[in-house]
Amino acid sequence: MTALDTSKTVAVIGAGTMGAGIAQVAAAAGHPVLLFDVADGAARAAIVTIGKGLDRLVTREKISRETADAIVGRIVPANGLETLSGAALVIEAIIENLDIKQALFAELEDIVVADAILATNTSSISVTSIARDLRAPARVAGLHFFNPAPVMKLVEIVSGRMTDPAIAETLFDTATTWGKIAVHTRSTPGFIVNRVARPFYAEALRLCEEQVADPATLDALMKGGGGFPMGPFELMDLIGNDVNYAVSLSVFNAYYQDPRFRPSLLQLELVNAGHLGRKSGRGYYDYTEGAKRPLPRFEKPQAGTPPLGNYKIGTDTELEGVQIAMSDGRMASEVARELRRPVILHDFMIDGATTLGFTVSADFPDSIVSRFVASLSQEGIEAVPLPDWPGLVVLRTLAMLANEGFEAALQGVADQSDIDLAMRYGLNHPQGPIARAKEIGLVRVLSVLDSLFRLTGDPRYRASFALRMTPLYRPIAVSTKARLP
């Protein structure tokens, strides 16, 4: 099978934000679209809303008036499920309730033609469970769009245990012709994105709970040092802390309380307080009118302080009896004992970084710290002093994201390239977690995880077997007095 021909009708069930967005995507690709919702008038209202959104694109000269009118003209409200009988593809985008979805698909099976594809946009329910009681479960698959569907590029093609591979390939090819980045994944809790993304939030919350830094400083580090478009606390406030916590709890329970997915008590307290983020006016930040945004905790260079010799930012070097290096997960005090000299450890930083976290070993000369900060300032980089903590902030988070990516690949959820694509185009991460880990160096990534596990004893930091056994890995002899790799 190949991509559906644009002459084929696509039916979308559910005229909410997601359903309307999917209908717009299919219509923009040239398909006739039937939009159905059980609420009287909801489909017609959704089409009006789609038209207004397209009008704004016309005003901004993103599309022509003819194109906008053609898209809206291809979407027709359906008066009942029976009117969907001629659809070649039916996409369900209704409430996340297994019983309701199963009942809907059972009804559809008696309406649509035998070769019609039945797809669900579920983000959390097993595709296998949805299809379980159907006469032809092989034609059911997940077609998981991300909100807003017309804008977000990623679509996860989710195969249940009984999904026909040819059906999955047709959906993959169809989504690709619709201008989307499609990835294959098995029907496991969270699929790719909602599973692999958990450490982005979880490690930020853990670092805040450990009092390593406040939300504003952690957000600044992840953006200015890690290259992420939004910091984790900003993003949780945008998503809604109730929604983010519910997803975390769902994944945690779905994986039998695996410690890797443990939710945060800090976030639960915000939910209990009704501090849900932007939609409630308050979350990790205050969004009420006139509220001032807290500033990150930057270390400013003292006037007249000279930079640290000929230090080149980001390099591992020894200057004036001080070792400067990127963290490998060990604490600065530990490295200083091995090298028998003062140590500055800094966080991971992308090319063009504007923010960098660092820590120093005990009894470190204040004058050298000031000169290190002056060196960063000279390059336009804001310095963030951090406690002597394993893996610091960005490197620790990237290591955990990579670990989950390798673990998902090990379990056959998706291949490594699709995992990287999913995280880039589903969450706008600057690079996939596995590709980023290989760039950093898997030796260093594993050292971070092993140090965290050794120091905390928390099994959430156990390294994935897939990561540890990759041919690029070699064990680190941390007892030697060699420089950091």
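Every value quoted in this text rests on a predicted model; they were computed, and no experiment measured them.

Rules used in this analysis
- Residues numbered from 1 in each chain as written.
- Predicted model: local features only at pLDDT ≥ 70, side-chain atom pairs only at ≥ 80, totals over all residues.
- Heavy atoms only, no water.
- Helix = DSSP H or I, 4+ residues; strand = E, 2+ residues; numbered from the N terminus.
- Buried < 20%, exposed > 50% of the residue type's maximum accessible area, 1.4 Å probe, protein only.
- Expected span 1.5 Å × (residues − 1).
- Contact = heavy atoms within 4.5 Å.
- Pairing = 2+ DSSP bridges.
- Axes fitted to C-alpha atoms, helices over the stretch in contact; angles between N-to-C directions.
- Salt bridge = Lys/Arg side-chain N within 4 Å of Asp/Glu carboxyl O.
- Phe/Tyr/Trp six-rings, centres within 6.5 Å; stacked < 30°, edge-to-face > 60°.
- pLDDT = per-residue confidence, 0-100.
- Polar contact = N/O pair within 3.5 Å; in protein donor to acceptor, adjacent residues only side chain to side chain.

Peer 1: Report on unusual backbone geometry, specifying residues and quantitative values.
Peer 2: Going from Asn147 to Pro148, the amide bond is cis rather than trans, its omega being 0 degrees. Mapped onto the secondary structure, Pro148 falls in the loop between strand 6 (140-145) and strand 7 (154-159). Its identity is not glycine, yet Glu61 carries a phi of approximately 60 degrees, on the positive side. Checked against the element boundaries, Glu61 lands in the loop between helix 2 (42-59) and helix 3 (65-73). Accessibility expressed as a relative area gives 72% for Glu61, which makes it exposed. Positive phi is not limited to glycine here, since Phe191 has a value of about 50 degrees. Following the sequence through the fold, Phe191 ends up in the loop between strand 8 (181-186) and helix 7 (193-196).

Peer 1: Just give me the short version of helix 14 (residues 366-378), but keep the residues and values in it.
Peer 2: For helix 14, which comprises 13 residues, the first-to-last C-alpha distance of 18 Å matches the rise-based estimate of 18 Å (1.5 Å per residue) to within 8%. Restricting attention to buried positions, one finds in helix 14 the residues Ile368, Val369, Ser370, Arg371, Phe372, Val373, Ala374, Ser375 and Leu376. In this structure, the buried side of helix 14 is in contact with strand 10 (322-326), strand 11 (343-346), strand 12 (355-360) and strand 13 (382-385). In the stretch just after helix 14, Gly380 is the one whose phi turns positive, near 75 degrees.

Peer 1: So what's going on with the sheet that holds strand 11? Which residues, and what values?
Peer 2: Spatially, five strands are ordered 9-10-11-12-13 in an open sheet, and the strand pairing comes out mixed. If you trace the sheet from one side to the other, it starts and ends with strand 9 (317-319) and strand 13, each paired once. Direction aside, neighbouring strands of the sheet carry axes that sit 30 degrees apart on average. As judged from the four bridges shared by strand 12 and strand 13, these two strands associate in the parallel manner. Note on strand 13: the bridge partner recorded for Leu356 is Ala383. Packed on one face of the sheet, helix 13 (residues 332-339) meets strand 10, strand 11 and strand 12 and runs near 140 degrees to strand 11.

Peer 1: Tell me about the environment of Ala220, and please be specific about residues and values.
Peer 2: Examined against the element boundaries, Ala220 turns out to sit in helix 9 (residues 215-224). Once you skip the residues sitting within four places of it in the chain, Ala220 turns out to touch Gly225, Pro296, Phe298 and Thr355.

Peer 1: Mind laying out the pattern of salt bridges, listing which residues take part and the relevant values?
Peer 2: Overall, the coordinates contain 28 salt bridges when judged by the stated rule. We note a salt bridge from Arg260 to Glu404, for which the minimum N-O separation is 2.7 Å. Placement of the pair is Arg260 in the loop between helix 11 (241-254) and helix 12 (265-273) and Glu404 in helix 15 (residues 394-410), with a sequence separation of 144 residues. Its salt-bridge partner being Arg262, residue Asp458 comes within 3.0 Å of it at the nearest N-O pair. Linking Asp458 in the loop between helix 18 (442-456) and helix 19 (465-468) with Arg262 in the loop between helix 11 and helix 12, this pair joins segments that are 196 residues apart in sequence.

Peer 1: Help me get a handle on the packing of aromatic side chains, residues and values and all.
Peer 2: Taken as a whole and assessed by the stated rule, the structure comprises seven aromatic pairs. With centroids separated by 6.5 Å and ring planes inclined at 25 degrees, the aromatic side chains of Phe145 and Trp178 adopt a geometry described as stacked. Of this pair, Phe145 sits in strand 6 while Trp178 sits in the loop between helix 6 (165-177) and strand 8; the two residues are 33 residues apart in sequence, bridging distant segments of the chain. For the residue pair Phe145 and Trp178, the accessibility class agrees, reading buried in each case. Three or more aromatic residues joined by ring pairs form one cluster here, namely Phe200, Tyr201 and Phe228.

Peer 1: Hey, could you go over the confidence of the model for the chain for me, with residue numbers and the actual values?
Peer 2: In the predicted model, the chain carries a mean pLDDT of 94, and 97% of its residues have values of at least 70. Within the model, pLDDT remains below 50 along residues 475-485, and this stretch shows 26 contacts once partners closer than five positions in the same chain are excluded.

Peer 1: Can you explain helix 9? Please cite residues and give values.
Peer 2: The buried count for helix 9 comes to nine of 10 residues, which makes it a mostly enclosed element. If you follow the buried residues of helix 9, they end up packed against helix 8 (198-209), helix 10 (232-239), strand 12, strand 13 and helix 15. With a side-chain oxygen lying 3.1 Å from the backbone nitrogen of Ala216, the N-terminal cap of helix 9 falls on Asp214.

Peer 1: Describe the environment of His184, listing the residues and the values that go with them.
Peer 2: Turning to its location among the elements, His184 is positioned in strand 8. For the pair formed by His184 and Glu169, sequence separation is 15 residues and the distance between their alpha carbons is 8.7 Å. Sequence-distant contacts of His184, that is, excluding residues within four places in its chain, are made with Ile157, Ala168, Glu169, Phe172, Ile192, Val413, Ala414 and Asp418. Of note is the side chain of His184, whose polar atom sits 3.1 Å from the side chain of Glu169.

Peer 1: Residues and numbers for the side chain of Asp258, please.
Peer 2: Considering the arrangement of structural elements, one finds Asp258 in the loop between helix 11 and helix 12. Residue Asp258 is classed as buried on the basis of its relative accessible area of 13%. When near neighbours in sequence (up to four residues on either side) are disregarded, Asp258 contacts Phe252 and Arg462.

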